[in-house]
Amino acid sequence: MFEKILIANRGEIALRIIRTCREMGIQTVAVFSTADADSLHVRFADEAVCIGPAPSSDSYLNIPRLMAACEITNADAIHPGYGFLAENADFAEICGEYGIKFIGPTPEHIKRMGDKITAKATMIAASVPVVPGSDGLLTDVEEGKRIADKIGYPVILKATAGGGGKGMREVWQEEDFENQWNMARNEAMASFGNDGMYIEKFVEEPRHIEFQIAGDQFGNVCHLSERECSIQRRHQKLVEESPSPFMTDELREEMGQAAILAGKAINYEGVGTVEFLVDKHRNFYFMEMNTRIQVEHPVTEEVIDHDLIKEQIKIAAGIPISGENYLPKVHAIECRINAEDVYKGFRPSPGTITSLHTAKGHGVRVDTHVYAGYSISPYYDSLIAKLICRARTREECITKMERALEEFIVEGVKTTIPFHKKLMKDEKFRSGDFHTGFLNDFDMGESEK
Ligand code: MV4
């Protein structure tokens, strides 16, 4: 087992990783920017190293500084968390060259799944269902139009370097094709420095359902059930739950086997997520694979009663997994509490938290790095807490979440709590009748105060 893990991250996930390390008897090293000098991950780690000023490019994204922190503290492994360098193949490779274990998949896995056309081709070869479309990179706009004509409108143009919705455009009729093609390519070039595009049939009103998987160094791959992530706004997830209200035992079996095939096809090592689009007829299609621990991992931890960070560390240390799949035993919902003003288009609301009372009680979990007096920096993401509730049934879980949201008090900054309160009362949400477009026509109304 590792003796000392350096956590190349900040915020709630850094704290989350430190907690598991302590339970496993592993020493921890926090790294921090000058903006995070008063953060809890700095105080709770065994050692802490300042790696630079507030901008991420000079601190949490700066590979030489991270490697230097590793060297001076003698850490034998790095946990990247999510975001920052978690899916950076160069970083994973450099860790290997320095003899530091990167707690995550290999650089090859990261590269293969990071390029969306390569990922899709891998899934086709492994017999995982994908959305019909171009076989690979489109060579020009004429080829794109020809394929669109063949598969039928509407279609969607996607950047091979994309993900999370950037460089993506729907096309509903041929006369719009060229315009959308140019827009998508320009956006992809500006965002990723790569304007390679592919095309797919547009799946209307899909749900986003993802499967958690785990693979070890001995070729075993299992699934840990699904998370429903359709409640999102502009590709930012706001609420995740497990099991999906749309799931059936048969569909879980089928999608779970497809997720395992996806993992086995690349000999996947570590925990990962296979994202699917699911249409209203319950047809499902591979969308992307994430090679990191995700923000919403606690939902899975609560329904299968396992520590996913611990699993990640054990896999990286060469301990085999059991190989069995895990099915949800209870229901869990996560609400992301962000420092945002939901009445002003969810715009960031950085500042100092003057007073804080988090929710507590049976079946309530709060993953957070904030406290009264903490200042939310405009330099980083706006996530301030994850409120996770668990109960026997979805209905009880929603009731518990409403109770927990009522007692969750944050003063000094605006938060997404009013949004979650409103969502929990929504009839469509309560009946499980929603898809990824749900929040497009969700009206927040007026602020109560
Ligand atoms: C799609 C789609 C419909 N049809 N592909 C959005 C992010 C990127 N990962 C893929 N995405 C989509 N791909 C086809 N062929 C609709 C989306 C999509 C979406 C997917 C998941 C969650 C939220 C979404 C919001 C808008 C569009």
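Heads up: the structure comes first, above all this text.
First, a word on scope: everything that follows refers to the structure included in this document. Since this is a predicted model, take the numbers as computed values, not measurements.

**Overview of the pattern of salt bridges**
No. 1: Tallying each qualifying case throughout the model produces 32 salt bridges.
No. 2: Residue Arg16 is joined to Glu301 by a salt bridge in which the shortest nitrogen-to-oxygen separation is 2.7 Å. Remark: Glu301 occurs in helix 10 (residues 297-304) and Arg16 occurs in helix 1 (residues 11-24); sequence separation between them is 285 residues.
No. 3: We classify Arg16 as buried; its relative accessible area is 8%.
No. 4: Arg336 is the partner of Glu296 in a salt bridge, and the nearest nitrogen-oxygen pair spans 3.1 Å. Note that Glu296 is positioned in the loop between strand 13 (284-290) and helix 10 and Arg336 in strand 14 (residues 331-338), a separation of 40 residues in sequence. In terms of burial, Glu296 and Arg336 fall into one category: buried.
No. 5: Several salt bridges share partner residues, and in doing so they unite Arg16, Glu301, Glu302, Asp307, Arg365, Asp367 and Arg390 into one network.

**What to know about the packing of aromatic side chains**
No. 1: What the rule picks out here adds up to 14 aromatic pairs.
No. 2: Relative to Phe419, the ring of Phe346 lies with its centre 5.7 Å away and its plane at 70°, an arrangement referred to as edge-to-face. Highlighted residues: Phe346 in the loop between strand 15 (340-341) and strand 16 (347-348) and Phe419 in helix 13 (residues 417-425), separated in sequence by 73 residues.
No. 3: For Phe346, a relative accessible area of 13% puts it in the buried group.

**A look at the nonpolar core**
No. 1: Ranked by size, the top nonpolar core spans 38 residues in total, and within it Ile231, Leu387, Phe419, Leu423 and Phe429 carry the most contacts.
No. 2: Within the second largest apolar cluster, 33 residues are counted, among which are Ile7, Ala45, Leu308 and Ala316.

**Let's talk about the site of the ligand**
No. 1: Near the ligand you find 16 residues, and of these Lys158, Glu200, Lys201, Val203 and Glu288 are the closest.
No. 2: Glu288 is positioned such that a nitrogen or oxygen atom in its side chain is 2.7 Å from a nitrogen atom of the ligand.
No. 3: Taken by itself the ligand offers 520 Å² of open surface, and the protein chains cover 89% of this.
No. 4: Elements that contribute at least two residues to the shell around the ligand include exactly strand 6 (155-159), strand 8 (197-201) and strand 13.
No. 5: Here the shell around the ligand is built from residues that sort into seven nonpolar, five polar and four charged.
No. 6: Both domains that meet at the shell around the ligand, namely domain 2 (132-201) and domain 3 (207-441), each give it at least three residues.

**Quick look at helix 8 (residues 174-192)**
No. 1: Taking 1.5 Å per residue as the helical rise, helix 8 with its 19 residues ought to reach 27 Å, and the 27 Å between its terminal C-alpha atoms agrees with that figure.
No. 2: Along its buried surface, helix 8 packs onto helix 7 (141-151), strand 6, strand 7 (169-171) and strand 8.
No. 3: Where helix 8 terminates, the next one or two residues include Gly193, which has phi positive at roughly 65°.

**Topic: the side chain of Asn290**
No. 1: When you line up the elements, Asn290 lands in strand 13.
No. 2: With near-sequence residues (within four places) excluded, Asn290 lies in contact with Glu87, Tyr268, Gly272, Thr273 and Glu275.

**Describing unusual backbone geometry**
No. 1: Of note, the amide linkage connecting Tyr153 to Pro154 takes the cis form, showing an omega dihedral of -5°.
No. 2: Within the secondary structure layout, Pro154 lies in the loop between helix 7 and strand 6.
No. 3: Note the cis peptide between Ser242 and Pro243, where omega equals -5°.
No. 4: Among the secondary structure elements, Pro243 is positioned in the loop between strand 11 (236-242) and helix 9 (249-265).
No. 5: Positive phi outside glycine occurs at Ser127, with the angle close to 60°.

**Topic: the sheet that holds strand 5 (residues 101-102)**
No. 1: Taken in spatial order, the five strands make up an open sheet running 3-2-1-4-5, and their pairing is parallel. Strands at the two margins of the open sheet, each flanked by one partner only, are strand 3 (47-52) and strand 5.
No. 2: The pairing of strand 2 (residues 27-33) with strand 3 spans five bridges and is parallel. Counterpart to Val29 in the pairing with strand 3 is Glu47.
No. 3: In the packing of helix 1 onto the sheet, contacts are made with strand 1 (4-7), strand 2 and strand 4 (77-79), and the angle to strand 1 comes to roughly 170°.

**Quick look at the packing of helix 1 against helix 11 (residues 308-316)**
No. 1: At a minimum axis distance of 9 Å, the contact between helix 1 and helix 11 shows a crossing angle of 65°. The way helix 1 lies across helix 11 gives a crossing that is right-handed. Taken together, the residues of helix 11 that come into contact with helix 1 (itself represented by Arg16, Ile17, Thr20, Cys21 and Met24) are Leu308, Ile309, Lys310, Ile313 and Lys314.
No. 2: When the residues that make up the contact of helix 1 with helix 11 are grouped by side-chain class, the tally is six nonpolar, one polar and three charged.

**Observations regarding the sheet that holds strand 21 (residues 383-391)**
No. 1: Ordered in space as 13-12-9-10-11-14-21-19, the eight strands form an open sheet in which the pairing is antiparallel. Of all strands in the sheet, those with a lone pairing partner are strand 13 and strand 19 (364-368), marking the two edges. Neighbour-to-neighbour, the strand axes of the sheet open up by a mean angle of 25°, direction not taken into account.
No. 2: Direction of pairing for strand 9 (residues 207-215) relative to strand 10 (residues 221-233): antiparallel, over a ladder of six bridges. Each residue of the ladder has a partner; that of Phe211, found in strand 10, is Glu226.

**Focus on a negative patch on the surface**
No. 1: A contiguous patch of negative charge on the surface is contributed by Asp140, Glu142, Asp149, Glu174 and Glu175.
No. 2: Sorting the residues of the negative patch by element identifies helix 7 and helix 8 as the ones contributing at least two each.
No. 3: Note on placement: Asp149 falls in helix 7.

What counts and what doesn't
Residues numbered from 1 in each chain as written. Predicted model: local features only at pLDDT ≥ 70, side-chain atom pairs only at ≥ 80, totals over all residues. Heavy atoms only, no water. Salt bridge = Lys/Arg side-chain N within 4 Å of Asp/Glu carboxyl O. Helix = DSSP H or I, 4+ residues; strand = E, 2+ residues; numbered from the N terminus. Buried < 20%, exposed > 50% of the residue type's maximum accessible area, 1.4 Å probe, protein only. Phe/Tyr/Trp six-rings, centres within 6.5 Å; stacked < 30°, edge-to-face > 60°. Core = buried A, V, L, I, M, F, W, Y, C linked by side-chain atoms within 4.5 Å. Near = heavy atom within 4 Å. Polar contact = N/O pair within 3.5 Å; in protein donor to acceptor, adjacent residues only side chain to side chain. Areas by Shrake-Rupley, 256 points an atom, 1.4 Å probe, with all protein chains shown as cover. Nonpolar A, V, L, I, M, F, W, Y, C, P; charged D, E, K, R; others polar. Domains from an automatic or database assignment. Expected span 1.5 Å × (residues − 1). Contact = heavy atoms within 4.5 Å. Pairing = 2+ DSSP bridges. Axes fitted to C-alpha atoms, helices over the stretch in contact; angles between N-to-C directions. Left-handed = near helix turned anticlockwise from the far one by under 90°. Patch = residues over 30% accessible without salt bridge, like charges linked within 9 Å, V, L, I, M, F, W, Y side chains within 5 Å. Lys, Arg positive; Asp, Glu negative; His and termini not counted. Charge placed at Lys NZ, Arg CZ, Asp CG, Glu CD.

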